[in-house]
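Structure assessment
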Amino acid sequence: MNLLEIRDMRVYYRTTRGDYRVVDGVTFDVKPDEVLGIAGESGCGKSTLVEGLLRLVVPPGHIESGEVVAPLLAKDAGGNSDLLSLSEEEFRRIRWQQISYIPQGSMNSLNPVMKIEDQIIDAIQVHQPMPKAVAQRHVAGLLQTVGLSPEVAKLYPHELSGGMKQRVIIAASIALKPRLIIADEPTTALDVTIQKMVLQTLMRVKEQLDCTIIVVSHDMPVHAQIADRLVIMYAGQVMEIGEIDDIFNDPFHPYTQGLISTIPALGRERTRLHGIPGVSPSPSELPPGCRFHPRCEKAMTACHSVEPALREIRPGRFVACHWCDEMLR
Amino acid sequence: MDTTPLLEIDNLTKIFTTSRGIFGQGEVCALDGVSFSLPGDRPTLLTMVGESGSGKTTIARSILGLERPSSGEIRYKGKNIRKMKPREWEDYRRQVQVVFQDPYGTYNPFYKIERVLQVVIRKFHMSTGKGQEMEMIEEALKAVELRPKDIIGRYPHQLSGGERQRVMLARIYLLRPQLIIADEPVSMIDVSLRATFLNILLNFKQDYGMSCIFITHDLAVGFYLGGQIVILCQGRIVEAGNMDVVVRDPRHPYSQVLIASVPPPNPRNRWQDDGRPMKYGELRRSADLIRGCIYRSRCPQAMPRCSEAPPPLIDLGDDHQVACYLYH
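Heads up: these notes are all about the structure in this document. All values reported here derive from a predicted model rather than from experimental measurement. (Residues numbered from 1 in each chain as written. Chains lettered and ligands numbered in written order. Predicted model: local features only at pLDDT ≥ 70, side-chain atom pairs only at ≥ 80, totals over all residues.)

**Some remarks on the interface of chain A and chain B**
The condition that has to hold: A pair of residues counts as a contact when their C-beta atoms, built from backbone coordinates, are within 7 Å of each other. In this description a helix means any DSSP run of H or I spanning at least four residues, a strand means any run of E spanning at least two, and both kinds are numbered starting from the N terminus. Note that Gly is not counted as nonpolar here; it falls among the polar residues with everything else outside the nonpolar set of Ala, Val, Leu, Ile, Met, Phe, Trp, Tyr, Cys and Pro and the charged set of Asp, Glu, Lys and Arg.
Counting residues at the interface gives 38 residues for chain A, matched by 41 residues for chain B. Looking at the side of chain A that touches chain B, the elements that each hand over two or more residues are α6 (192-209), α7 (220-226), α8 (244-249) and α9 (254-261) of chain A. The biggest single contributor to the side of chain A that touches chain B is α6(A), with eight residues. Considered class by class, the residues forming the side of chain A that touches chain B number 18 nonpolar, 14 polar and six charged.

**A short note on the environment of A:Asp191**
Put simply, the rule is: With C-beta atoms placed from the backbone, a residue counts as buried when 20 or more other C-beta atoms lie within 10 Å of its own, as exposed when 12 or fewer do, and as partly exposed for counts between those limits.
Mapped onto the fold, A:Asp191 is located in the loop between β6 (180-184) and α6. Classification of A:Asp191 by C-beta neighbours within 10 Å gives buried; the count is 23. Between the C-alpha atoms of A:Asp191 and A:Gly163, which are 28 residues apart in sequence, the distance is 8.3 Å. Setting aside residues up to four positions removed in sequence, A:Asp191 forms contacts with B:Glu51, B:Ser52 and B:His217.

**Some words on the nonpolar core**
Stated precisely, the cut-off is as follows: By definition, a nonpolar core groups buried Ala, Val, Leu, Ile, Met, Phe, Trp, Tyr and Cys residues that are joined through C-beta atoms within 7 Å.
Counting residues in each nonpolar core, the largest one holds 102 residues, and the members touching the most others are A:Ile120, A:Ala171, A:Ile214 and A:Val231. Ranked by size, the runner-up nonpolar core spans 90 residues in total, among them B:Leu179, B:Ile189, B:Leu201 and B:Ala220.

**Quick look at the sheet that holds strand β7 (residues 212-217) of chain A**
All names here are of chain A. Heads up, the condition is: Paired strands, as defined in this entry, are two strands with at least two bridges between them according to DSSP. Helix axes are fitted to C-alpha atoms over the stretch in contact, other axes to C-alpha atoms as well, and angles between N-to-C directions run from 0 to 180 degrees.
The strand order β5-β6-β7-β3-β8-β9-β11-β10 describes an open sheet built from eight strands, whose pairing is mixed. Bordering the open sheet on either side are β5 (99-102) and β10 (311-314), each of which pairs with just one other strand. Sheet twist, expressed as the mean angle between neighbouring strand axes with direction ignored, is 20 degrees. Pairing geometry for β6 and β7, over five bridges, is parallel. Each residue of the ladder has a partner; that of Ile182, found in β7, is Ile214.

**Section: the sheet that holds strand β2 (residues 18-30) of chain A**
All names here are of chain A. The three strands are arranged β2-β1-β4 in an open sheet whose pairing can be described as antiparallel. Each end of this open sheet is capped by a strand with a single partner; those strands are β2 and β4 (61-69). Neighbour-to-neighbour, the strand axes of the sheet open up by a mean angle of 5 degrees, direction not taken into account. With 10 bridges joining them, strand β1 (residues 4-15) and β2 adopt antiparallel strand pairing. Across the sheet, residue Met9 finds its bridge partner in β2, namely Val26. The strands touched by helix α1 (residues 46-53) within the sheet are β1, β2 and β4, with β2 carrying the most contacts at an inclination of about 70 degrees.

**Remarks on the packing of helix α3 (residues 115-123) of chain B against helix α4 (residues 130-143) of chain B**
All names here are of chain B. We count it as follows: Geometric relationships in this document are graded by angle, where less than 35 degrees denotes roughly parallel, more than 145 denotes roughly antiparallel, 65 to 115 denotes roughly perpendicular, and other angles denote oblique. Each crossing gets its hand from how the near helix is turned against the far one by less than a right angle, where anticlockwise is left-handed and clockwise is right-handed.
The geometry of α3 relative to α4 is characterised by a closest axis approach of 10 Å and an angle of 125 degrees between their N-to-C directions. In terms of their interaxial angle, α3 and α4 are classed as oblique. Where α3 crosses over α4, the handedness of that crossing is right-handed. Touching Leu117, Gln118 and Ile121 of α3 are Glu133, Met136, Ile137 and Ala140, all from α4. For the contact of α3 with α4, a count of residues per class yields five nonpolar, one polar and one charged.

**Focus: helix α6 (residues 161-175) of chain B**
All names here are of chain B. Stated precisely, the cut-off is as follows: Helices are assigned an expected span. That span is 1.5 Å times one less than the residue count.
Taking 1.5 Å per residue as the helical rise, α6 with its 15 residues ought to reach 21 Å, and the 22 Å between its terminal C-alpha atoms agrees with that figure. Counting buried positions along α6 gives 14 out of 15 residues, so the element sits mostly inside the fold. Looking one or two residues past α6, Arg176 carries a phi angle of roughly 45 degrees, positive in sign.

None of this, on its own, says anything about what the molecule does.
Next up, the structure:
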């Protein structure tokens, strides 16, 4: 049974100039106990997708349509397992207890005038009230799980470094033993030595808690290190889904191929890398047919007018591409 | 052949004074006796790698004249930049150009993008009229693989980050500087657009002899450029030399940690978790001038000697230098 089944999710921003279709028909599954990576460049909609999943989209954005079926998470919600159609109250109970969220740049959102301990306890008490002494012991345990000394509990955010703050955020996110953790760009803006530590912390946390993780990142090497499967997004849609090894060593979609071939690697034989020519389209000026066709060297006639459907071209491997359909059928 | 180095950083030290709230003034030593140089007889790409607090941006700003050294000298073609006459200084500012990290902040949003190119042409009297000016602009844009009709007439917000950074390179193309200071120029642009920018830097070196000091925290990007590398840690150089030599055989304990932290983009080459508790691996910026080696508090191989005085940069031969008592 899947943990999440996302079906045709659309998040649009309504403006005077028309709709910005930031997430435009996204479909994929999240399996229990996996690390699922969502990759894509700026503007592809990956962060908005996550906000949509968590019902954190604010006007002028809105969820235009879609379903997020999660039977394992919505057990107590009276037979209705579509997270998007639960009442606000019912969903609030799921958010943070079953699904926790580490937003982009969250380490900078710690309250500067509260001790670390109090901030985490605050979050716990909202969902699971408990006596303060119990909560304090719980916090000490959480800090140790992420490799921080329990003394950190009594410190203020300005006394911590970037990496420590990020680990505090991770500790807070696992306070209620969630079934799913969604981390949006957890390593961006961190020094590379700290990035490694944060990623290893996430992996240890996953093992200890036996949970599922979704990592959103534009940084492909991060996915290579921790993801089991990868979803590649472009201009609001899914281009390819597959096992991490397949995506990196045998990418099908021309966009994925371009992305993989553009990654500089340390120690590798030095040959000229090629970027992908052109730029991603703005969500208000999307090209007809396949959104990637203006930049694609494999573009065929159909690509200019017909949007390719996401197809399971091999077991577990999904691609939205006419050329792939032709070549790999 | 003139062997005066193009650029010499000679024992550069920069101390910032900060007010520490109600406790009075403190000092932050951003750079502590940094020395390196670029040769004068061949164009060189030098990558400066360091994490936050390493001082790499302070070096860039010092070279550009935006920071005054606390001690030490910066010499361009043998001349101390702080002792240049106005004419020499103007010449220096033309011969040393910069590309900053933020493709959004560099442009005045009220002007069309080509204005940055027009300003250069007009200030340095490079053309005889509007017709030639437009020709020069088009040539510069093509040199950085942009199509003039996609760029001219647009405002900065209508272009992508990658395009904006390349317009900065077009500006450099017009100026033909001897040296480009590039401070994290690709960190804020999409991965698929980075290679084009980096290739232009490589082409500029090959075709026009432009040297470049490329500042980055991303070692893989620096490796792609090749050339020389300088690794900075908390204001000091810990290791330097040929990029391939240093990356394949890092000697300084900090360099080794740094290189091991770069995530290999290959799922078949994953980090192994040894299960050991993760030490607090960050170096806190200290407010006092450090005695001894800058890395000693984190170094697993620290010896008593490391607390006494900072290790000098030792030449290991084969274009490889390291500042570490392990190799004394």
